[in-house]
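# Notes for the structure review
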Amino acid sequence: GQQVMQIPQYQHVQEGEDFTTYCNSSTTLSNIQWYKQRPGGHPVFLIQLVKSGEVKKQKRLTFQFGEAKKNSSLHITATQTTDVGTYFCAGLNYGGSQGNLIFGKGTKLSVKP
Amino acid sequence: ETGVTQSPTHLIKTRGQQVTLRCSSQSGHNTVSWYQQALGQGPQFIFQYYREEENGRGNFPPRFSGLQFPNYSSELNVNALELDDSALYLCASSLILAGAEQFFGPGTRLTVL
């Protein structure tokens, strides 16, 4: 079946350093979504990418969708302690029901002040 | 605007028992999806309900079943509980649009002994 892989599994950074997590799908995706889950919390939607090669920015966060629509990345510039949490990418297949998001295992980010 | 709510917060059951988890969707949302999140993993899609009917299902056995009510709230039922069913069960509501943002509830932590 389809798989969505994320690397790295863990990332420890010093506050102010940059952070990047990568997401790869075994199949071409209709779109990809990114979620953040704080420790003990639930996933919170960050953004959705739909177009091939799309780049979107939210303040210090930059999201990219690959040209082949099989990979994506999230880059955080100058991390802050509030960025702590697990970042998940979730891909939606063409023709899949809109809830059938395939989540990666996530990248757990810790930030040392 | 009322967010997604789930009950109960925590639940402890023994193997072979049955459990019912409940979810109230966010105001204005007509679609509910259920996910299972094991410790250290990403959410796994169980199924989605729209207009009181199942609208897509992930790779879960038939002992996982659900309902959606006219007010768009939903139930997840699991029969013949197994130890591996121990997980955080997340409900997410959305509009029935392709790739619509999922609004997750706080989850129900189920422990099977």
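For the structure itself, consult the block above.
Notes on the structure in this doc start here. These figures come from a predicted structure and were not determined experimentally.

From N to C terminus, chain A includes 0 helices and 11 strands. Secondary structure elements of chain A, listed N to C terminal, follow the sequence β-β-β-β-β-β-β-β-β-β-β. For chain A, the C-alpha radius of gyration of 13 Å lies close to 13 Å, the compact-globule estimate for 113 residues. By its C-alpha atoms, chain A is 45 × 30 × 20 Å across when sized along the principal axes. Counting the 113 residues in chain A, one finds 48% classified as buried.

Residues and elements named next belong to chain A. Checked against the element boundaries, S52 lands in the loop between β5 (44-49) and β6 (55-58). According to the relative accessible area criterion, S52 is partly exposed, its value standing at 38%. Distance in space between the C-alpha atoms of S52 and T77 is 23 Å, their sequence separation being 25 residues. Here S52 is in contact with F65, G66, E67, A68 and K69, once residues within four sequence places are set aside. A distance of 2.5 Å separates a polar side-chain atom of S52 from the backbone oxygen of E67.

Let us look at the packing of aromatic side chains. Throughout the structure, instances matching the rule amount to 12 aromatic pairs over all chains. With a centroid separation of 6.2 Å and 75° between ring planes, the pair formed by F88(A) and F103(A) is classed as edge-to-face. Remark: F103(A) occurs in strand β10 (residues 102-103) and F88(A) occurs in strand β9 (residues 85-93); sequence separation between them is 15 residues. Residues F88(A) and F103(A) agree in their burial class; the two are buried. Ring geometry for Y35(B) and F104(B): centres 5.4 Å apart, planes at 50°, overall tilted. Remark: F104(B) occurs in strand β10 (residues 103-104) and Y35(B) occurs in strand β4 (residues 31-37); sequence separation between them is 69 residues.

Another point: the interface of chain B and chain A. Between chain B and chain A, the contact holds 26 residues from the first and 18 residues from the second. For the pair chain B and chain A, the two sides together bury roughly 1,600 Å², of which 51% comes from carbon and sulfur. The interface formed by chain B and chain A includes 0 salt bridges. Scanning the region where chain B abuts chain A turns up 4 residue pairs in polar contact (both at pLDDT 80 or more). Elements with a minimum of two residues in the side of chain B that touches chain A: β4, β5 (44-50), β6 (53-57) and β9 (87-94) of chain B.

So, on to the sheet that holds strand β8 (residues 71-76) of chain A. Backbone-to-backbone hydrogen bonds join strands into a sheet, with any given pair of strands oriented parallel or antiparallel. Residues and elements named next belong to chain A. Strands sit in the order β1-β3-β8-β7-β6 across an open sheet of 5 strands; the sheet is antiparallel. Of all strands in the sheet, those bounded by a partner on one side alone are β1 (4-7) and β6. Recorded for the sheet is a direction-independent mean angle of 15° between the axes of neighbouring strands.

Attention now moves to the environment of F47(B). Residue and element names in this part refer to chain B. Considering the arrangement of structural elements, one finds F47 in strand β5. When its relative accessible area of 0% is taken as the criterion, F47 is described as buried. Between the C-alpha atoms of F47 and N71, which are 24 residues apart in sequence, the distance is 18 Å.

Let us now look at the sheet that holds strand β1 (residues 5-7) of chain B. All names here are of chain B. The 4 strands are arranged β1-β3-β8-β7 in an open sheet whose pairing can be described as antiparallel. Single-partner strands in this sheet number two, and they are β1 and β7 (64-68). Taking the axes of each pair of neighbouring strands and ignoring which way they run, one obtains an average angle of 20° across the sheet. In the sheet, β7 pairs with strand β8 (residues 74-78) via 5 bridges, with the strands oriented antiparallel.

Among the secondary structure elements, Q48(B) is positioned in strand β5. Within the local environment of Q48(B), its side chain forms a polar contact with the side chain of S33(B), the two groups lying 3.3 Å apart.

Conventions used here
- Residues numbered from 1 in each chain as written.
- Chains lettered and ligands numbered in written order.
- Predicted model: local features only at pLDDT ≥ 70, side-chain atom pairs only at ≥ 80, totals over all residues.
- Heavy atoms only, no water.
- Helix = DSSP H or I, 4+ residues; strand = E, 2+ residues; numbered from the N terminus.
- Rg over C-alpha atoms; globule rule 2.2 N^0.38 Å.
- Buried < 20%, exposed > 50% of the residue type's maximum accessible area, 1.4 Å probe, protein only.
- Contact = heavy atoms within 4.5 Å.
- Polar contact = N/O pair within 3.5 Å; in protein donor to acceptor, adjacent residues only side chain to side chain.
- Phe/Tyr/Trp six-rings, centres within 6.5 Å; stacked < 30°, edge-to-face > 60°.
- Buried area = accessible area lost by both parts, 1.4 Å probe.
- Salt bridge = Lys/Arg side-chain N within 4 Å of Asp/Glu carboxyl O.
- Pairing = 2+ DSSP bridges.
- Axes fitted to C-alpha atoms, helices over the stretch in contact; angles between N-to-C directions.

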